[in-house]
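# Observations on the model geometry
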Amino acid sequence: MCRGKGRMRKKELLIIIPTYNEEKNIGGVLAQLEQTECGTAADILVINDASTDATNWIVKQMQYPLVSQLYNMGYGCALQTGYKYAVRRGYKYVIQMDGDGQHDVCNIPVIYRKLKEADGEGRFPDIVLGTRFREDSAAFPVSRPKKLVYSLFRRLIYMITGEKISDPTTGLQGLSRKAFLFYSKYNKFDDRYPDANMLILMLLVKFRVVEIPAVMHSRTAGKSMHSGLRPFWYMLRVIYSMMIILIQVKLLKMDVGVGLKSVDKI
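Residues numbered from 1 in each chain as written. Predicted model: local features only at pLDDT ≥ 70, side-chain atom pairs only at ≥ 80, totals over all residues. Heavy atoms only, no water.

### Looking at a nonpolar patch on the surface
How we decide: Here, patches come from residues exposed beyond 30% relative accessible area and free of salt bridges, joined within 9 Å for like charges and within 5 Å for nonpolar side chains (Val, Leu, Ile, Met, Phe, Trp, Tyr). The accessible surface values rely on the Shrake-Rupley method and a 1.4 Å probe; as for residues, cover is taken only from the protein chains in view. Any Lys or Arg side-chain nitrogen located within 4 Å of an Asp or Glu carboxyl oxygen qualifies as a salt bridge. The secondary structure listing takes helices from DSSP runs of H or I that are at least 4 residues long and strands from runs of E that are at least 2 residues long, numbered from the N terminus. Partly exposed describes any residue whose relative accessible area lies between the buried limit of under 20% and the exposed limit of over 50%, with all areas from a 1.4 Å probe on protein chains only and scaled to the type maximum.
On the surface, Tyr240, Ile244, Ile247, Leu251, Leu252 and Met254 cluster together to form a nonpolar patch covering roughly 600 Å² of accessible area. Of note, Tyr240 is situated in helix H8 (residues 230-251). Classification of Tyr240 as exposed rests on a relative accessible area of 55%.

### Topic: the environment of Leu181
To keep it simple, the criterion reads: The contact criterion used is simple: two residues touch if any of their non-hydrogen atoms lie within 4.5 Å.
Locating Leu181 in the fold gives a position in helix H6 (residues 177-184). A sequence separation of 85 residues divides Leu181 from Ile266, and the C-alpha atoms of the two residues are 7.7 Å apart. Not counting residues within four places of it along the chain, the set of residues in contact with Leu181 comprises Val87, Val263 and Ile266.

### Structural notes on the pattern of salt bridges
For the coordinates displayed, the defined rule picks out nine salt bridges. For the salt bridge of Lys188 with Asp255, the shortest nitrogen-to-oxygen distance reads 2.5 Å. Linking Lys188 in the loop between H6 and helix H7 (196-204) with Asp255 in the segment after H8, this pair joins segments that are 67 residues apart in sequence. According to the relative accessible area criterion, Asp255 is partly exposed, its value standing at 25%. Several salt bridges share partner residues, and in doing so they unite Arg123, Asp126 and Lys178 into one network.

### Observations regarding the nonpolar core
Across soluble globular proteins, you tend to see nonpolar side chains buried next to one another. Rules: Buried Ala, Val, Leu, Ile, Met, Phe, Trp, Tyr and Cys residues form a nonpolar core when they are joined through side-chain atoms within 4.5 Å.
With 79 residues, the main nonpolar core has Ile17, Leu30, Leu33, Tyr83, Met97, Phe153 and Tyr183 as its most contacted residues. With eight residues, H7 is the single largest residue contributor to this core. Setting aside residues up to four positions removed in sequence, Tyr183 forms contacts with Gln80, Tyr83, Ile127, Leu175, Lys188, Phe189, Met198 and Met202.

### Thoughts on unusual backbone geometry
A positive phi angle, near 60 degrees, is found at Lys253, a position not held by glycine. Within the fold, Lys253 resides in the segment after H8. Its relative accessible area of 57% is what places Lys253 among the exposed residues.

### Quick word on the environment of Gly28
Mapped onto the elements of the fold, Gly28 is located in helix H1 (residues 26-33). Gly28 sits in the partly exposed class, given a relative accessible area of 35%. Between the C-alpha atoms of Gly28 and Lys92, which are 64 residues apart in sequence, the distance is 27 Å.

### Observations concerning H7
With nine of nine residues buried, H7 is to be regarded as a mostly interior element. Considered for burial, the residues of H7 that qualify are Ala196, Asn197, Met198, Leu199, Ile200, Leu201, Met202, Leu203 and Leu204. At the C-terminal side of H7, Lys206 shows a positive phi close to 80 degrees.

### Brief notes about the sheet that holds strand S1 (residues 13-19)
Filter applied, for reference: Only when DSSP finds a minimum of two bridges between them are two strands counted as paired. Axes, fitted as lines to C-alpha atoms, cover a helix only where it is in contact. Angles between the N-to-C directions of the axes lie from 0 to 180 degrees.
Read from one edge to the other, the open sheet built from seven strands follows the order S3-S2-S1-S4-S6-S5-S7, with strand pairing classed as mixed. Both outer strands of the open sheet, strand S3 (66-68) and strand S7 (209-213), are each paired with one neighbouring strand and no more. Direction aside, neighbouring strands of the sheet carry axes that sit 20 degrees apart on average. Two elements, strand S5 (residues 127-131) and S7, share five bridges in a ladder whose sense is parallel. Note on S7: the bridge partner recorded for Val128 is Val210. Relative to the sheet, helix H3 (residues 75-89) contacts S1, strand S2 (42-48), S3, strand S4 (93-96) and strand S6 (173-176), its axis offset from that of S1 by approximately 155 degrees. Contacts from helix H4 (residues 107-115) reach S1, S4, S5, S6 and S7, with the element oriented near 145 degrees to S4.

### Quick look at the environment of Gly174
In this structure, Gly174 sits in strand S6. For Gly174, a relative accessible area of 0% corresponds to the buried category. The spatial distance from the C-alpha of Gly174 to the C-alpha of Gly130 is 8.2 Å, given a sequence separation of 44 residues. In this structure, Gly174 is in contact with Val94, Ile95, Ile111, Leu115, Asp126, Ile127 and Val128, ignoring residues within four places of it in sequence.

### Describing the pairing of S5
Buried residues dominate S5, accounting for five of its five residues. Side chains Ile127, Leu129 and Thr131 project from S5 onto one buried face, and the interleaved Val128 and Gly130 project onto a second face that is buried too. Bridge count between S5 and S6: three bridges; the pairing is antiparallel. Bridged to Ile127 within S6 is Leu175.

Below, the structure written as structure tokens:
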């Protein structure tokens, strides 16, 4: 069981689930998490970004820990709220997943194990990305506009950092304490669209980012934050953020090499 019901028991892994108007999905996501093996290692925290539907009440009824923001402050802000919570409560790892049912809970134990796996040089991952687009990932349908956006972001990441990231917008991620501590600080995390721009930042300042294949599903209920013409505004917003990051890191030398430092020096 992966319950976080009642008084939260302290564990080393926190699963954070940002939600906005997910009354048709959040109950199923939490119920599925209860059936995974993460129960011995994980606590669960739902961050409700001022939903106007019954999301808040469903989570409360299921007795899961919940942070409700008074105003709709955006996806990135909801995530950062979870990071700050994890820092203050002393968690060692965070795994973030969406509350819309697209991220299969079978990915959680795999990401958790990967976070604790060192490379040949003894370095552990700072960020583990659950990707939809590797050859060994499960099939996932994507619209043509989104394919264009993803392709552009892949090219920009490679041009700027020299690293190849197959799924630059995945919301399914595992983070080390060093990574979410950095993200929790003021002006270090995009409060609206923390996607390819944040990966560029973390790669430039030498955090270790790895990808693993993931199982994901198409949304069956509710409305995506990237519906309609929003993907184009989102694309422009993320590219603008990339340019700011380049100025900060390349020209102003902000946070250069911070990913190589120990946690207590960040």
